[in-house]
Amino acid sequence: QVQLLESGGGLVQPGESLRLSCSASGSIFSIGVMGWYRQAPGKERELVASITSSGATNYGDTVKGRFIISGDIARGPAVLLMNSLEPEDTAVYYCHAVALYRNVWGKGTLVTVSS
């Protein structure tokens, strides 16, 4: 089994940057995709960014050009660098992985963008 642990959330001002990290433990060799989703109050959970074991990346439309996901998910954490943050980015960010065709979720970390 795979367990995920997020870190790096917090309060930032508009225009600032923040870095989130997701570390996996357990059967990490089985992870094919790793990434981040977010859920704002009253909204559905949406894809932020993902990265595959071969390094291919995918981004949600609202974060393209501002967020960057990186990492060798077979060996280390997936890192999400969030630049030019906006109040609309305020949400709980969940780390997500697909391991042996199963979805695995972290507990989430809160990101608040406010002046």
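Every residue gets a number counted from 1 within its own chain, in the order that chain's sequence is written. The model is predicted, so local features are restricted to residues of pLDDT at least 70 and side-chain atom pairs to those at 80 or more, both for listing and for counting; the totals for chains, interfaces and linings are taken over all residues. For side-chain calculations, the full set of non-hydrogen atoms in the structure is used, while hydrogens and water are omitted.

Asks: Help me understand unusual backbone geometry in this model?
Replies: Trans peptide bonds make up most of the peptide bonds, and negative phi angles are found at most residues other than glycine. Positive phi, close to 50°, is recorded for Leu-100, a residue that is not glycine. Strands here are runs of E lasting at least two residues and helices are runs of H or I lasting at least four, both read from the DSSP assignment and numbered beginning at the N terminus. Within the secondary structure, Leu-100 sits in the loop between strand E9 (91–99) and strand E10 (102–105). We note that Tyr-101 has phi near 70°; this positive angle belongs to a residue other than glycine. Tracing the chain through its elements places Tyr-101 in the loop between E9 and E10.

Asks: Would you explain the side chain of Thr-109 in this entry?
Replies: Here Thr-109 shows up in strand E11 (residues 109–113). Within the structure, Thr-109 has its side chain in polar contact with the backbone nitrogen of Gly-9 (distance 3.4 Å). Here a polar contact means two N or O atoms within 3.5 Å. Within protein one must be a hydrogen donor candidate and the other an acceptor candidate, and residues neighboring in sequence count only if both atoms are side-chain atoms.

Asks: Looking at this structure, I do not really get the pairing of strand E3 (residues 18–26). What am I missing?
Replies: Regular strands show a simple pattern: their side chains alternate between the two faces of the sheet. One ladder, built from six bridges, connects strand E1 (residues 2–7) with E3; its direction is antiparallel. Bridging from a neighbouring strand, Leu-5 pairs with Ser-23 of E3. Across five bridges, the pairing between E3 and strand E8 (residues 78–82) is antiparallel. Bridging from a neighbouring strand, Arg-19 pairs with Leu-81 of E8. In this scheme, strands are said to pair when DSSP sees at least two bridges between them.

Asks: Looking at this model, I keep getting lost on the nonpolar core. Mind explaining?
Replies: Of all hydrophobic cores here, the largest spans 30 residues; its most connected members are Met-34, Trp-36, Leu-80, Met-82 and Tyr-93. Elements with a minimum of two residues in this core: E1, E3, strand E4 (31–39), strand E5 (46–52), strand E7 (67–70), E8, E9 and E11. Per element, the largest residue contribution to this core is five residues, and it comes from E9. Grouping buried Ala, Val, Leu, Ile, Met, Phe, Trp, Tyr and Cys residues that are joined through side-chain atoms within 4.5 Å yields what is termed a nonpolar core. Relative accessibility decides the category of a residue: with a 1.4 Å probe and only protein chains considered, values under 20% of the type maximum give buried, values over 50% give exposed, and everything between is partly exposed.

Asks: In this structure, what is going on with the environment of Ile-68? I would like to understand it.
Replies: Positionally, Ile-68 belongs in strand E7. Here Ile-68 falls in the partly exposed class, since its relative accessible area comes to 44%. By definition, residues are in contact when any of their heavy atoms lie within 4.5 Å. Aside from chain neighbours lying at most four places away, what touches Ile-68 is Tyr-59, Val-79, Leu-80 and Leu-81.

Asks: Explain the pattern of salt bridges to me, please; I cannot follow it from the model alone.
Replies: Close approach of charged atoms allows side chains of opposite charge to pair. What makes a salt bridge here is a side-chain nitrogen of Lys or Arg within 4 Å of a carboxyl oxygen of Asp or Glu, nothing more. Overall, the coordinates contain five salt bridges when judged by the stated rule. When the shortest N-O distance is used, the salt bridge between Arg-38 and Glu-46 registers 2.7 Å. The class for Arg-38 is buried, based on a relative accessible area of 5%. Arg-38 serves as the salt-bridge partner of Asp-89, at 2.9 Å between the closest nitrogen and oxygen. Here Arg-38 lies in strand E4 and Asp-89 lies in the loop between E8 and E9, a separation of 51 residues in the sequence. For the pair shown, Asp-89 and Arg-38 are each scored as buried. Through salt bridges with shared partners, a single network forms among Arg-38, Glu-46, Arg-66 and Asp-89.

Asks: How do you make sense of the pairing of E4 when you look at a structure like this?
Replies: Of the pairings in the sheet, the one linking E4 to E9 comprises eight bridges and is antiparallel in character. Paired with Gln-39 across the two strands is Val-92, which belongs to E9. Strand direction decides the pairing type here: E4 and E5, joined by six bridges, are antiparallel. From the neighbouring strand, Val-33 faces E5, where its bridge partner is Thr-52.

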